[in-house]
Amino acid sequence: MEMLINAQRQKEQKINTAWPDLLPTLANLASHQDAECRFTGHELLLHLTDSIPGSLLDHTQSFFTMCQSGLSDKQVKVKEAALRSTSAFIVLLQKPEELKMFEQLIPGLMSTLSIVLSNSDDPELAVGAIESMVIIAESKPTFWRGNLESVWKAMVSLVGKDVEMINEDVQMMAMEFILGLAEQAGGMVRKRKDLIGEFATALLQACAVLVEEDFDTWANSKLESQFGDSSDDDELAICGEQSLDRFANSIGGNALFPQIMPKIEMALGSQDWKLRRAGLTALALITEGCQKIMKPMLPNLTQGVLQFTKDQHFRVRYAALHCLGQFAMDFKGDFQNKCCKAVIPTLVNQLNGADVCEKLKHCASKSLLVICDGGVCREELLLPHLQPALEGLFQLVKQGKTKTKEDALTTISSITSVIGEKFEPYFNVFMPLAIDVLKLSATEENVNVRGRAVECIGFIGTSVGKERFAPFVKDVMAEFLRILNSPDDAEGRVGNEYLLQGCVRVCECLGADFVPYLQHILPKIFIFYF
């Protein structure tokens, strides 16, 4: 305890003075015949690597011997503590010859990890052991170069294990170890195509670890994931998905795509819906990192994905629709020019399908939004399907859940940005729906959708022109002003940025006819900006 107090004092004073009794004390503890003392010695070393790294580095050879002895200890508790203290000490090393010396301990680290995994009933202990090694992977990735194959295979075996036999947190930490190597030493990893393929297989398996849900439960559940339709219960699958994205971006398409695509094709051909979904999800996730190599194959890949929009399982259909939206985002321009003649009718059919649930329609709406966004979609691609597309979206605005309404409004705005004045025939149907959204109760849940309605009304009003907009101006501005004059701290109040932008667009549309509203708007603008 006295040593820890002194160490903390040194840390706070930012000094690294010599400490004569440090090494003898640690050496005595680490070699003591009592296992608790040996454990304490390595715990103490772990803490000191953070407190007084400079003092420790003066005795690298001695600590090497101490770590070597700890990793060979007969007591699992001591071995585990030695793994953590050794890992922390390795992170301190700067000299190549010192790192080379400690590379001799890698077999001891791996065997200790294996023993901890097989002997510990405490998942946190196993996770902590791998996490200690992850820190080396991220800060000293080439430390593992000479033992890359054995270490990589050990971690992949954890990722690919049956979830009934291993804790998911351990699997996720093993993923993190490999990602640390890939992100910090991509050149080293790219040379090993065989190892890349093994990790890709394990990640696909992880992506297929999904909770079984019946259709009604899934269709009515709230989307919780940032990507796809995974729920919080699909924790390993979500981690696998995030890992695929990171892996692709870290090593690039030339290294990954030839290794993973055959495995994706096998997954897509599986009788197991979870694997088919995993294959589609993987295809969507690797596009950003594999753009260059995938671009020439885009039409064929898209045709393949389109087949799964009719899959027998609802979560596979969702993954296919989502994948199309991801293609549109990552291959902006190429996708619209080469693939959308087939894709847009498929999405529109989903929007209007009598037997298609809201969740799938919502996904189709978001994919259509990505296609239309960014100024690269041509109006001739949309016009043949405009009426059914808008009818489907109007229905979502009218009857959909809050988030569905919000995204449908955004998609309508995006479509209008492509077709301009050709939206005019649908304006009289749209405006009452949008005004109804403005009138939704002022709750926190409705903030974004009401703000999106403000934005959409202003944007579409400028597209159709003053004459068409005029019949709705009174109702629109009444709602705008009602919201604008509500207390700033009112629950569920639409943000000023939405309202003021909406007012600016209405002003652009009405011109001089907007003057009567300035007395209400200008004070709010001054308060907001100044």
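Structure's up top.
The shown structure was predicted, so the numbers you read here are calculated from the model rather than taken from an experiment.

1. Concerning the packing of aromatic side chains
Here's step 1: As enumerated under the stated definition, the model contains 21 aromatic pairs in all.
Here's step 2: With a centroid separation of 5.3 Å and an interplanar angle of 50°, the aromatic rings of Phe63 and Phe89 are classed as tilted. A residue pair is termed long-range when its members are at least 10 positions apart, and Phe63 in helix H5 (residues 60-71) and Phe89 in helix H6 (residues 76-92) qualify at 26 residues. Across the pair, exposure class does not vary: Phe63 and Phe89 are buried alike.
Here's step 3: Grouped by ring-pair contacts, the aromatic residues Phe63, Phe64, Phe89 and Phe102 constitute a single cluster.

2. Observations regarding the pattern of salt bridges
Here's step 1: Under the criterion given, the structure shown has 27 salt bridges.
Here's step 2: Among the salt bridges present, the one from Asp334 reaches Lys338, with a minimum N-O distance of 3.6 Å. Of this pair, Asp334 and Lys338 both sit in helix H21 (residues 334-338), separated by four residues, roughly a single helical turn.
Here's step 3: Exposure remark for Lys338: the relative accessible area of 49% places this residue in the partly exposed category.
Here's step 4: In this structure, Lys403 engages Glu406 in a salt bridge whose closest nitrogen and oxygen atoms are separated by 3.7 Å. On the criterion of helical spacing, the pair formed by Lys403 and Glu406 is a turn pair, its members being three residues apart in helix H26 (residues 402-419).
Here's step 5: Overall, the relative accessible area of 46% leaves Lys403 in the partly exposed class.

3. Considering the environment of Lys274
Here's step 1: When you line up the elements, Lys274 lands in helix H17 (residues 273-286).
Here's step 2: Overall, Lys274 belongs to the buried group, its relative accessible area being 15%.
Here's step 3: For the pair Lys274 and Leu481, spaced 207 residues apart in sequence, the C-alpha separation works out to 50 Å.
Here's step 4: Those residues in contact with Lys274, other than ones at most four positions away along the chain, are Ala208, Leu210 and Glu212.
Here's step 5: A distance of 3.5 Å separates a polar atom in the side chain of Lys274 from a polar atom in the side chain of Glu212.

4. Quick look at helix H28 (residues 447-464)
Here's step 1: Between the first and last C-alpha of H28 there are 26 Å, a value that for 18 residues agrees with the 26 Å anticipated at 1.5 Å per step.
Here's step 2: Where H28 terminates, the next one or two residues include Gly465, which has phi positive at roughly 100°.

5. Some words on the environment of Asp58
Here's step 1: With respect to the helices and strands, Asp58 occurs in the loop between helix H4 (53-56) and H5.
Here's step 2: Given the relative accessible area of 60%, Asp58 is considered exposed.
Here's step 3: Residues Asp58 and Val370 lie 312 residues apart in sequence; the distance between their C-alpha atoms is 58 Å.

6. Thoughts on the packing of helix H8 (residues 106-119) against helix H9 (residues 123-139)
Between two packed helices, what matters for the description is the angle formed by their axes and the separation of those axes.
Here's step 1: Taken N-terminus to C-terminus, the directions of H8 and H9 make an angle of 160°; their axes are 9 Å apart at the nearest point. Looking at the two axes, H8 sits roughly antiparallel to H9. For the crossing formed where H8 meets H9, the hand is left-handed. From H8, Met110, Leu113, Val116 and Leu117 reach across to H9, where they touch Leu125, Ala126, Ala129, Ile130 and Met133.
Here's step 2: Residues that form the contact of H8 with H9 fall into these classes: nine nonpolar, no polar and no charged.

The rules behind each value
Residues numbered from 1 in each chain as written. Predicted model: local features only at pLDDT ≥ 70, side-chain atom pairs only at ≥ 80, totals over all residues. Heavy atoms only, no water. Phe/Tyr/Trp six-rings, centres within 6.5 Å; stacked < 30°, edge-to-face > 60°. Helix = DSSP H or I, 4+ residues; strand = E, 2+ residues; numbered from the N terminus. Buried < 20%, exposed > 50% of the residue type's maximum accessible area, 1.4 Å probe, protein only. Salt bridge = Lys/Arg side-chain N within 4 Å of Asp/Glu carboxyl O. Contact = heavy atoms within 4.5 Å. Polar contact = N/O pair within 3.5 Å; in protein donor to acceptor, adjacent residues only side chain to side chain. Expected span 1.5 Å × (residues − 1). Axes fitted to C-alpha atoms, helices over the stretch in contact; angles between N-to-C directions. Parallel < 35°, antiparallel > 145°, perpendicular 65-115°, else oblique. Left-handed = near helix turned anticlockwise from the far one by under 90°. Nonpolar A, V, L, I, M, F, W, Y, C, P; charged D, E, K, R; others polar.

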